[in-house]
Amino acid sequence: KKATEKALGEMIKMRRREGAAMAADMKRRLRTITTLTRSIMRDAPQVLEKYRQRLKSRIAELVDSPANDTGRLEMEITLFADKCDISEECTRLLSHIDLFTHALAEDKPVGKTLTFILQEMNRESNTIASKSPDTNVAGAVIALKEELEKLRELAQNAE
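Let us look at the structure shown here. What you are looking at is a predicted structure, and each value in this text was computed from that prediction instead of being measured.

### Regarding the nonpolar core
Met26, Ile40, Phe100, Leu114, Met121 and Ile128 are the most contacted members of the largest nonpolar core, which totals 30 residues. Looking at this core, the elements with two or more residues in it are α1 (2-64), α3 (87-105), α4 (111-131) and α5 (135-156).

### Topic: a nonpolar patch on the surface
On the surface, a cluster of nonpolar side chains totalling about 340 Å² of accessible area is made up of Leu8, Met11, Ile12 and Met14. Relative to the elements of secondary structure, leucine 8 occurs in helix α1. You can call leucine 8 partly exposed: its relative accessible area is 45%.

### Remarks on the pattern of salt bridges
The final tally for this structure, using the stated rule, is 10 salt bridges. The shortest N-O distance in the salt bridge between lysine 131 and glutamate 89 comes to 3.0 Å. Note that lysine 131 is positioned in helix α4 and glutamate 89 in helix α3, a separation of 42 residues in sequence. Glutamate 89 carries the same exposure label as lysine 131, and that label is buried. Arginine 92 serves as the salt-bridge partner of glutamate 124, at 2.7 Å between the closest nitrogen and oxygen. Here glutamate 124, found in helix α4, pairs with arginine 92, found in helix α3; they are 32 residues apart in sequence, far enough to count as distant. Residue glutamate 124 is classed as buried on the basis of its relative accessible area, which comes to 6%. The network of salt bridges with common partners includes Asp25, Arg28, Arg29, Glu147 and Lys150.

### Section: α5
For α5, built from 22 residues, the straight-helix expectation of 32 Å at 1.5 Å per residue is met to within 8% by its first-to-last C-alpha distance of 31 Å. Turning to α5, its buried residues number three or more, namely Val137, Ala140, Val141, Leu144, Glu147, Leu148, Leu151, Leu154 and Ala155. In an axial view of α5, the angular spread of the buried residues amounts to 130 degrees, which keeps them on one side of the axis. Exposed residues pointing more than 90 degrees away from the buried face of α5 are listed as Thr135, Ile142 and Gln156.

Rules and cut-offs
Residues numbered from 1 in each chain as written. Predicted model: local features only at pLDDT ≥ 70, side-chain atom pairs only at ≥ 80, totals over all residues. Heavy atoms only, no water. Core = buried A, V, L, I, M, F, W, Y, C linked by side-chain atoms within 4.5 Å. Buried < 20%, exposed > 50% of the residue type's maximum accessible area, 1.4 Å probe, protein only. Helix = DSSP H or I, 4+ residues; strand = E, 2+ residues; numbered from the N terminus. Patch = residues over 30% accessible without salt bridge, like charges linked within 9 Å, V, L, I, M, F, W, Y side chains within 5 Å. Areas by Shrake-Rupley, 256 points an atom, 1.4 Å probe, with all protein chains shown as cover. Salt bridge = Lys/Arg side-chain N within 4 Å of Asp/Glu carboxyl O. Expected span 1.5 Å × (residues − 1). Arc of directions from axis to C-beta.

Have a look at this one:
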């Protein structure tokens, strides 16, 4: 009985050390994701301005064309409005990072919660990538998704 209790006690200590190491790694990765997200947010106005200039040029072409198609013009404007703004997705991504951090601090099993939050974070990063035509943003999203995948692997081993 003493040997079993001692072995169990050692196993619990080892699992706590392993859990602490995993949590520290997750926190480092969350900091990287936060940095990447803030970088995307910082670049967003310039991306928006470049896209606006391209759209302005395209609209001028459509207005000057002999077959001036107002429906096409309205469609281009609608696409512009939908496509450009990634601020909401970035804000939600930062919010999910906070949720993930708080879940890590819980003194109860959180593996499924972390996995769910990571799905939401991945969804936001996909939306950012699809909305932004900028290569710098695309590169940052790829790096962000790499970190999310590493977090997902860690979360699968969390209790």
